Amino acid sequence: MIKTLLKTLWPFFLLASTVSLALAGPMSQSELPMSQPNFQGFVPENRNRDEREEDPNLVRLMIHPTLTEVADKLLDEYQAQNPDSRFRIHQGSQNDLLDLIEDNYTFDLLLDAEIAEGMEMVEQGRAVETRVLALGRVALWAPLETVRSINVLSLRDDKIGLHHESSPYHRAGKEILERHELLEDYRSRLEPVPLGQSLYEQVNDREIPAAFIEYHRIVQAGIQRRREVLKMPADHHGSITHSATLMREGADRDRVMNFWEYLFSDSAQKILEDAGFD
């Protein structure tokens, strides 16, 4: 109902049809669409100033692709409670954020892949605060096997999928092998996917037999209880600390602060937990 109401009140909202990032091919993140499916907001069509930017209720968000699906759920709940709220949304990496800032885009809040990115914004004076939003976890998914431990990888001699090297989940997958003293033995089998391609789709389509993948992506697919999936214990890899960052431009705006406080509320944290984050 909320989506119907918003479409009536704000016809310029972009409610994109579902498009998998897997279709994007091996592009740079900057070449990918700057929106994700079903976001309640708009993405500027060009870099010219848009009159919608003058809306006092507008919250300007930059969201890392790792968090786009759960951000969709967070926005749905928030807008159900605050139907007059408005969002301008970009999605992309830290490098994309810096490019957009250089192009004179202004952001109120960032949802970051790692807290180090938010800390960098604070150190540069662009942001006033960064805070832990959620912790990510890794799962080992091997659709052709029953997975009880990482020893399942010794039963085969083919590729082991990893996320792109820019992802904290890439680092965590390698850490799991390193902590089990298997990294050197398996290094030649590791297969990072190109930026913009979906590791989930490649494993699901049997192009890659097994992979270290985000646990929240497994939850999103509804397969977390299947015998082919094993959620890695927290001590198997270093912390993957997703964060929210309050930019200096948003700190003095009531609408932004209201959404900022919502992100750390019990209801928002429950959404993150149900989505597979710690």
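Scroll up to find the structure this text is about.
Residues numbered from 1 in each chain as written. Predicted model: local features only at pLDDT ≥ 70, side-chain atom pairs only at ≥ 80, totals over all residues. Heavy atoms only, no water.

## As for unusual backbone geometry
Turning to step 1, where the next piece is worked out: The backbone of Asn-104 sits at a positive phi, close to 75°, despite the residue not being glycine.
Turning to step 2, where the next piece is worked out: Even without being a glycine, Arg-206 presents a positive backbone phi close to 70°.
Turning to step 3, where the next piece is worked out: Checked against the element boundaries, Arg-206 lands in the loop between α7 (199-204) and β8 (210-214).
Turning to step 4, where the next piece is worked out: On the basis of relative accessible area, Arg-206 is assigned to the partly exposed category, the value being 47%. (Helix = DSSP H or I, 4+ residues; strand = E, 2+ residues; numbered from the N terminus. Buried < 20%, exposed > 50% of the residue type's maximum accessible area, 1.4 Å probe, protein only.)

## Here's the deal with the sheet that holds β8
To summarise the sheet geometry, strands pair through backbone hydrogen bonds and adopt either a parallel or an antiparallel arrangement.
Turning to step 1, where the next piece is worked out: On the basis of which strands lie adjacent, the open sheet formed by five strands has the order β7-β6-β8-β5-β9 and mixed pairing. At either margin of the open sheet sits one strand with a lone partner, and together these are β7 (190-192) and β9 (229-231). The average angle at which neighbouring strand axes cross in this sheet is 25°, direction not considered.
Turning to step 2, where the next piece is worked out: Bridge count for strand β6 (residues 160-162) against β7 is three bridges, and the pairing is parallel. Residue Ile-160 lies in a different strand from β7, and its bridge partner there is Leu-190.
Turning to step 3, where the next piece is worked out: The sheet contacts of helix α5 (residues 168-179) involve β5 (138-141), β6, β7 and β8, and relative to β8 the element is tilted by about 125°. (Pairing = 2+ DSSP bridges. Axes fitted to C-alpha atoms, helices over the stretch in contact; angles between N-to-C directions. Contact = heavy atoms within 4.5 Å.)

## Some details on the packing of aromatic side chains
Turning to step 1, where the next piece is worked out: Under the criterion given, the structure shown has seven aromatic pairs.
Turning to step 2, where the next piece is worked out: Here a set of aromatic residues connected by ring pairs shows up, and it is made of Tyr-78, Phe-87, Phe-259 and Tyr-262.
Turning to step 3, where the next piece is worked out: Between the NZ or CZ atom of Arg-88 and the centre of the ring of Phe-107, over which it lies, the distance is 5.2 Å.
Turning to step 4, where the next piece is worked out: For Arg-189, the ring lying beneath its charged end belongs to Tyr-186, and the centroid distance is 4.9 Å. (Phe/Tyr/Trp six-rings, centres within 6.5 Å; stacked < 30°, edge-to-face > 60°. Lys NZ or Arg CZ within 6 Å of the ring centre and 35° of its normal.)

## Quick word on helix α10 (residues 266-274)
Turning to step 1, where the next piece is worked out: Along α10, the residues that are buried comprise Ala-268, Ile-271 and Leu-272. Taken down its axis, α10 places every buried residue within 95° of arc, on the same side. Across α10 from its buried face, at more than 90 degrees, point the exposed residues Asp-266 and Glu-273.
Turning to step 2, where the next piece is worked out: At its buried positions, α10 is contacted by α2 (68-81), β4 (127-136) and α9 (254-263).
Turning to step 3, where the next piece is worked out: Positive phi shows up at Gly-276, right after α10, with a value of about 105°. (Arc of directions from axis to C-beta.)

## Concerning the pattern of salt bridges
Turning to step 1, where the next piece is worked out: Using the criterion set out here, one finds 16 salt bridges in the structure.
Turning to step 2, where the next piece is worked out: Between Asp-108 and Arg-60 there is a salt bridge, with the nearest N and O atoms lying 2.7 Å from each other. Pair noted here: Asp-108 is in the loop between α3 (94-102) and β3 (109-112) and Arg-60 is in strand β1 (residues 58-63), with a separation of 48 residues, a long-range link. We note that Asp-108, like Arg-60, is buried.
Turning to step 3, where the next piece is worked out: Residue Asp-158 is joined to Arg-156 by a salt bridge in which the shortest nitrogen-to-oxygen separation is 2.9 Å.
Turning to step 4, where the next piece is worked out: According to the relative accessible area criterion, Asp-158 is partly exposed, its value standing at 25%.
Turning to step 5, where the next piece is worked out: In the salt-bridge network here, residues are joined through shared partners; they are Glu-114, Arg-171, Glu-175 and Arg-179. (Salt bridge = Lys/Arg side-chain N within 4 Å of Asp/Glu carboxyl O.)

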